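# Structure at a glance
Here's the letter readout for the chains.
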Amino acid sequence: MNSAAVQLNDKHELRHFLSIEGLRREHLERILDLADSFVGVSTRAIKKVPVLRGKTIVNLFFEPSTRTRTTFELAAKRLSADVLNISGSESAVLKGESMLDMLRNLQAMHCDMFVIRHSVSGAVHFIASQLAPGVAVINAGDGCHSHPTQAVLDLLTIRRHKRDFSTLKVVIVGDIAHSRVARSEILALRLMGVPDIRVVGPRTLIPTGIESMGVTVHDRLHEGIRDADVIIVLRLQRERMCGFLLPNEQEYFRLYGLTEATLAHAGQDVIVMHPGPINRGIEMESEVVDGKAARILEQVSYGIASRMAIMALVVGAAPT
Amino acid sequence: MNSAAVQLNDKHELRHFLSIEGLRREHLERILDLADSFVGVSTRAIKKVPVLRGKTIVNLFFEPSTRTRTTFELAAKRLSADVLNISGSESAVLKGESMLDMLRNLQAMHCDMFVIRHSVSGAVHFIASQLAPGVAVINAGDGCHSHPTQAVLDLLTIRRHKRDFSTLKVVIVGDIAHSRVARSEILALRLMGVPDIRVVGPRTLIPTGIESMGVTVHDRLHEGIRDADVIIVLRLQRERMCGFLLPNEQEYFRLYGLTEATLAHAGQDVIVMHPGPINRGIEMESEVVDGKAARILEQVSYGIASRMAIMALVVGAAPT
Amino acid sequence: MNSAAVQLNDKHELRHFLSIEGLRREHLERILDLADSFVGVSTRAIKKVPVLRGKTIVNLFFEPSTRTRTTFELAAKRLSADVLNISGSESAVLKGESMLDMLRNLQAMHCDMFVIRHSVSGAVHFIASQLAPGVAVINAGDGCHSHPTQAVLDLLTIRRHKRDFSTLKVVIVGDIAHSRVARSEILALRLMGVPDIRVVGPRTLIPTGIESMGVTVHDRLHEGIRDADVIIVLRLQRERMCGFLLPNEQEYFRLYGLTEATLAHAGQDVIVMHPGPINRGIEMESEVVDGKAARILEQVSYGIASRMAIMALVVGAAPT
């Protein structure tokens with residue numbers, strides 16, 4: 001399916017937010033600029049702006065994720081929207097109704113936006129393509145495919161620390177193959193003009209041919225992160241892997257776990273990021289998580305601002 | 001229990017909304033008029049009116065129904081009320097507290113309204129009879145007994161398409177015996193003066209003596225829907241039936257499933273309704289669901305407006 | 001851990017609300033005075049004050065309690081705050097993230113307050129000691145340790161009926177050893193200057209050495225409640241006990257169940273309280289629950305006002 005065709009309106013504005021694919025750098029910059037302006041809202045005494053007052057936003061999580069759902073719920077409430085939470089398991093799907101009939105029902109209730117997480121890659125695109133023009137869809141993660149709001153919040157975090165994307169060395173470490181974050185991340189960094197993007201991890205967890213996305217592949221961590229400005233460590237999705245792809249966790253940590261010692265190979269002002277939740281002692285040692293390079297909790301803060309910006313933009317681009 | 005005595009106040013205003021039984025045509029017309037005025041609220045940029053601002057509404061679903069709960073939650077939020085969702089399974093009932101003690105507690109917290117779904121017929125009436133004067137109760141479906149808000153939204157859908165109830169031919173198709181919709185529906189149509197109400201379905205699913213409610217019974221679908229203005233197709237509640245009441249689903253569809261072909265026997269401007277969720281290919285073929293006669297998604301929209309109207313009225317009739 | 005150090009700020013204001021221990025009488029009186037002023041909010045037509053508008057409050061229940069969670073949710077909404085409900089079971093804890101990392105995440109989202117219930121005594125103190133200065137914590141019950149908001153609402157109930165604490169005889173009946181209420185209650189009553197506090201119950205359910213808290217211990221109910229002004233009956237936490245601590249329930253009721261007959265031994269204007277949910281016929285007979293001495297439903301009403309007061313105070317004492 002052509003993402004651009006689905007997620008942009010006639011004026012090339014963001015109509016849905018489904019994937020980084022199909023976007024132009026201007027789209028990302030517009031989101032980041034608006035997100036920047038929302039960062040301050042969450043530190044005010046009254047953490048609310050009336051941007052989406054009287055709008056109805058439905059969190060539709062076919063796959064459970066309290067963490068991601070919470071960030072969208074907070075973002076929506078800080079925009080003054082009304083929020084409905086529907087988990088896939090409790091939905092009418094169980095009564096034999098098709099997912100599309102359920103969505104058409106919510107659409108008939110004049111809901112303005114669906115924030116959807118689904119375990120099947122492409123499911124969110126499909127849903128967006130089937131809905132009426134007045135309803136916006138945001139992809140909160142589908143299968144291994146993409147998690148584009150995570151990519152946006154990572155860009156925001158990077159931009160607030162490293163002004164110029166065009167000189168950056170960015171490294172992504174870990175399970176590239178099974179991560180819904182990695183693919184969105186690489187596309188977004190490329191779009192912003194990052195010249196040096198590297199991936200590091202066990203060969204079994206690096207998709208073959210990934211070089212065609214414009215990245216270089218490294219086997220050894222200390223080589224991969226040399227002089228890096230930004231290190232994005234991925235969560236080890238243990239539940240997604242068959243046992244034979246990976247040595248045991250101790251071995252993984254020994255080879256790819258980020259430590260203060262290894263970090264010395266990176267650039268002087270390197271920042272370390274992680275989409276969370278962190279497996280301390282597996283993807284990185286606690287000293288790094290709580291250390292001065294870590295921007296992991298800032299990512300969480302910027303995640304609220306980023307999601308507020310995306311929500312505000314897609315509703316703003318709705319046909320009236 | 002005398003419904004009128006429980007659900008009307010001294011001035012014969014709606015104090016609770018428990019069942020169609022005991023209401024007068026004026027009650028329904030007042031609800032429909034107010035619902036009409038609320039239809040537009042859900043299509044505004046700011047989908048909110050301050051009618052119930054600062055009121056607390058509790059959705060108390062002893063029997064799960066995400067779908068119905070969602071419509072009440074949205075209706076309440078569009079009236080600016082605060083909403084609490086309590087499912088029966090998580091409630092203190094499990095800790096050995098009686099349902100009435102739990103309700104008295106919520107009442108002591110100065111909740112203004114309970115929206116209750118319960119699997120036992122009459123349970124909602126009983127609860128309403130036990131509460132203090134200041135708390136309103138709305139029946140969101142009890143056992144096979146009644147589902148009066150569904151009847152109201154169906155009336156609203158009919159009225160917006162067919163101005164005059166006094167000339168209508170309305171047909172209800174399906175499992176009349178186990179449906180909590182059918183009984184409320186027939187009572188409501190009668191009250192509005194519909195002269196020709198028919199039920200169609202397998203004899204095993206039609207209660208004996210139903211003719212005393214003022215309906216005619218038909219065995220064959222194409223005969224039953226002849227010249228009909230409105231066809232209300234019921235959901236086949238497979239989980240409610242013992243196997244021997246019914247042939248298999250294919251056979252049911254062959255005999256009672258609504259198709260475009262059968263629909264040719266109905267009146268020219270016939271509208272087709274269904275309370276949802278639909279079993280496509282069992283109660284009706286997909287072509288009918290998505291066809292030009294279907295008003296099924298409009299029913300969902302009018303369901304919000306109808307529930308807003310009922311909520312506003314019962315709170316308005318509360319003693320002050 | 002030193003409660004005072006954790007829950008008070010430099011100006012000795014309530015920064016968190018973790019336990020009665022470490023508080024001074026002025027703290028309790030300030031809460032009670034503010035709670036008194038909030039009692040009326042819940043009986044207004046618009047049950048809302050803008051005290052916490054734009055604040056985000058997270059109900060974090062590692063141990064399920066719909067009842068207690070509901071009172072905090074209502075209190076927060078009546079203060080116009082936004083509320084997030086997260087149950088421990090659905091939280092990221094299951095994904096291997098530590099509780100503290102989860103809390104730091106919520107903190108990074110600029111949540112203003114956590115209302116926490118946890119099954120481990122001291123867990124809530126520990127959490128409060130780990131969070132940033134800007135976040136307030138309220139203990140909604142931890143282990144057998146304490147349930148301080150229950151103690152406050154009980155004080156409020158007593159104060160609204162018996163003006164002067166300094167002349168009162170207060171009796172606590174039941175399972176003192178396993179109750180998270182009893183300990184908080186005794187400390188609070190002492191702090192308010194109640195001169196005569198008695199506990200009554202089977203020896204197996206009375207902690208040895210409890211006299212050091214300034215209470216007298218009685219084996220026999222009618223002796224224990226003689227001339228009492230206030231009787232607080234505890235819930236029999238059957239799930240917390242091994243079978244051998246207690247005779248069967250009939251025997252418990254015979255010895256310690258409060259009846260109208262026994263109540264004759266108490267003072268003339270005695271009031272009877274219970275934290276709920278009540279086991280009718282075990283802790284007291286239904287005639288007492290629904291009788292003229294019972295203040296059990298008032299406790300529920302005052303529980304909302306008390307929690308509103310505590311929430312407003314701890315946010316007000318936050319560093320700005």
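Cut-offs used in this document
- Residues numbered from 1 in each chain as written.
- Chains lettered and ligands numbered in written order.
- Predicted model: local features only at pLDDT ≥ 70, side-chain atom pairs only at ≥ 80, totals over all residues.
- Helix = DSSP H or I, 4+ residues; strand = E, 2+ residues; numbered from the N terminus.
- Rg over C-alpha atoms; globule rule 2.2 N^0.38 Å.
- Buried ≥ 20, exposed ≤ 12 C-beta atoms within 10 Å, placed from the backbone.
- Contact = placed C-beta atoms within 7 Å.
- Nonpolar A, V, L, I, M, F, W, Y, C, P; charged D, E, K, R; others polar.
- Pairing = 2+ DSSP bridges.
- Least-squares fit on C-alpha atoms with pLDDT ≥ 70 in both.
- Axes fitted to C-alpha atoms, helices over the stretch in contact; angles between N-to-C directions.
- Left-handed = near helix turned anticlockwise from the far one by under 90°.
- Domains from an automatic or database assignment.
- Right-handed = clockwise from strand over helix to strand, strands pointing away.

With that settled, consider the overall build of chain A. A tally of regular secondary structure across chain A gives twelve helices and nine strands. Its C-alpha atoms give chain A a radius of gyration of 19 Å, near enough to 20 Å, the size a compact globule of 320 residues would have. A principal-axis box enclosing the C-alpha atoms of chain A has dimensions of 55 × 40 × 35 Å. When each of the 320 residues of chain A is scored for burial, the buried share is 53%. Residue pairs in contact within chain A that sit at least 24 positions apart in sequence constitute 77% of those at least 6 positions apart.

What follows covers the interface of chain B and chain C. Taken residue by residue, the interface counts 19 residues in chain B and 22 residues in chain C. Listed by contribution, the elements that provide at least two residues to the side of chain B that touches chain C are strand E2 (82-87) and helix H4 (99-108) of chain B. The greatest single-element share of the side of chain B that touches chain C, amounting to four residues, is contributed by H4(B). Residue composition of the side of chain B that touches chain C, by class: five nonpolar, six polar and eight charged.

A few words now on the pairing of strand E8 (residues 230-233) of chain A. Residue and element names in this part refer to chain A. Both faces of E8 are covered, namely the face carrying Val-230 and Ile-232 and the face carrying Ile-231 and Val-233. For strand E5 (residues 169-173) and E8, the ladder comprises four bridges, and the chain directions are parallel. By the bridge assignment for E8, Val-170 is matched with Val-230. Relative to strand E9 (residues 271-273), E8 is paired through three bridges, and the arrangement is parallel. Across the sheet, residue Val-230 finds its bridge partner in E9, namely Ile-271.

Placing chain B over chain C gives an RMSD of 0.0 Å and needs a rotation angle of 120°, together with 0.0 Å of translation along the axis. A rotation of that kind, with that shift, is consistent with a three-fold axis.

Turning to the sheet that holds strand E4 (residues 136-142) of chain A, a few remarks are in order. Strand order across the open sheet formed by four strands is E2-E1-E3-E4 (chain A), with parallel pairing between neighbours. With one partner strand each, in any of the chains shown, strand E2 (82-87) and E4 of chain A form the two edges of the open sheet. When strand polarity is set aside, the average angle formed by the axes of neighbouring strands in this sheet is 15°. The sheet contacts of helix H3 (residues 66-78) of chain B involve strand E1 (56-61) and E2 of chain A, and relative to E2(A) the element is tilted by about 175°.

Our next topic: the sheet that holds strand E6 (residues 196-200) of chain C. Residue and element names in this part refer to chain C. Strand order across the open sheet formed by five strands is E7-E6-E5-E8-E9, with parallel pairing between neighbours. Lying at the two open borders of the sheet, with one neighbouring strand each, are strand E7 (216-218) and strand E9 (271-273). Across the sheet, the axes of successive neighbouring strands diverge by a mean angle of 20°, strand direction being ignored.

A few words on the environment of Met273(A). Residue and element names in this part refer to chain A. Here Met-273 lies in strand E9. Judged by the 24 C-beta atoms lying within 10 Å of it, Met-273 falls in the buried class. What Met-273 contacts, discounting residues up to four positions off in sequence, is Asp-154, Thr-157, Val-230, Ile-232, Arg-295, Ile-296 and Gln-299.

On to the interface of chain B and chain A, then. At the interface, 22 residues of chain B touch 18 residues of chain A. Of all the elements in the fold, those that place two or more residues in the side of chain B that touches chain A are H3 and helix H12 (296-316) of chain B. Looking at the side of chain B that touches chain A element by element, the count peaks at seven residues for H3(B). For the side of chain B that touches chain A, the residue count by class is nine nonpolar, eight polar and five charged.

This part covers the packing of helix H6 (residues 148-161) of chain C against helix H12 (residues 296-316) of chain C. Residues and elements named next belong to chain C. The contact between H6 and H12 brings their axes to 8 Å, and the two run at 115°. Crossing angle aside, the handedness with which H6 passes H12 is right-handed. In this structure, H6 contributes Thr-149, Val-152, Leu-153, Asp-154, Leu-156 and Thr-157 to the contact, and H12 contributes Glu-298, Gln-299, Tyr-302, Gly-303, Ala-305, Ser-306, Arg-307 and Ile-310. Considering only residue class, the contact of H6 with H12 consists of six nonpolar, five polar and three charged.

Residues and elements named next belong to chain A. For chain A, the domain assignment lists domain 1 (3-146 + 301-316) and domain 2 (148-299). On the domain 2 side, the residues contacting the 27 residues of domain 1 number 21 residues. Among the elements of the structure, helix H2 (25-39), E4 and helix H12 (296-316) are those that each provide at least two residues to the side of domain 1 that touches domain 2. Split by residue class, the side of domain 1 that touches domain 2 holds 14 nonpolar, nine polar and four charged.

Right, let's get into the environment of Ile296(C). Residues and elements named next belong to chain C. Turning to its location among the elements, Ile-296 is positioned in helix H12. C-beta crowding within 10 Å serves as the criterion here: with 24 such atoms nearby, Ile-296 is assigned to the buried category. C-alpha separation for the pair Ile-296 and Asp-154, spaced 142 residues apart in sequence, amounts to 9.7 Å. If we skip the residues at most four places from it in the chain, Ile-296 touches Met-273, His-274, Gly-276 and Val-289.

Before going further, it helps to examine the pairing of strand E5 (residues 169-173) of chain C. On any regular strand, side chains alternate: one points to one face of the sheet, the next to the other face. Residue and element names in this part refer to chain C. Among the five residues that make up E5, four are buried, leaving the element largely enclosed by the rest of the structure. With five bridges connecting them, E5 and E6 associate as parallel partners. Residue pairing for E6: Ile-172 is matched across the bridge by Val-199. Following the chain from E5 across helix H7 (residues 180-191) to the adjacent parallel E6, one finds a crossover that is right-handed.

Here the focus is unusual backbone geometry. Residue Pro277(A) follows Gly276(A) across a cis peptide bond; omega there is -15°. Tracing the chain through its elements places Pro277(A) in the loop between E9 and helix H11 (286-289). Of note, the phi angle at Asp227(B) is positive, near 60°, even though the residue is not glycine. Along the chain, the position of Asp227(B) falls in the loop between helix H8 (221-224) and strand E8 (230-233). With 12 C-beta atoms counted inside 10 Å, the residue Asp227(B) sits in the exposed group. The phi torsion at His110(C) lies on the positive side, around 65°, for a residue other than glycine.

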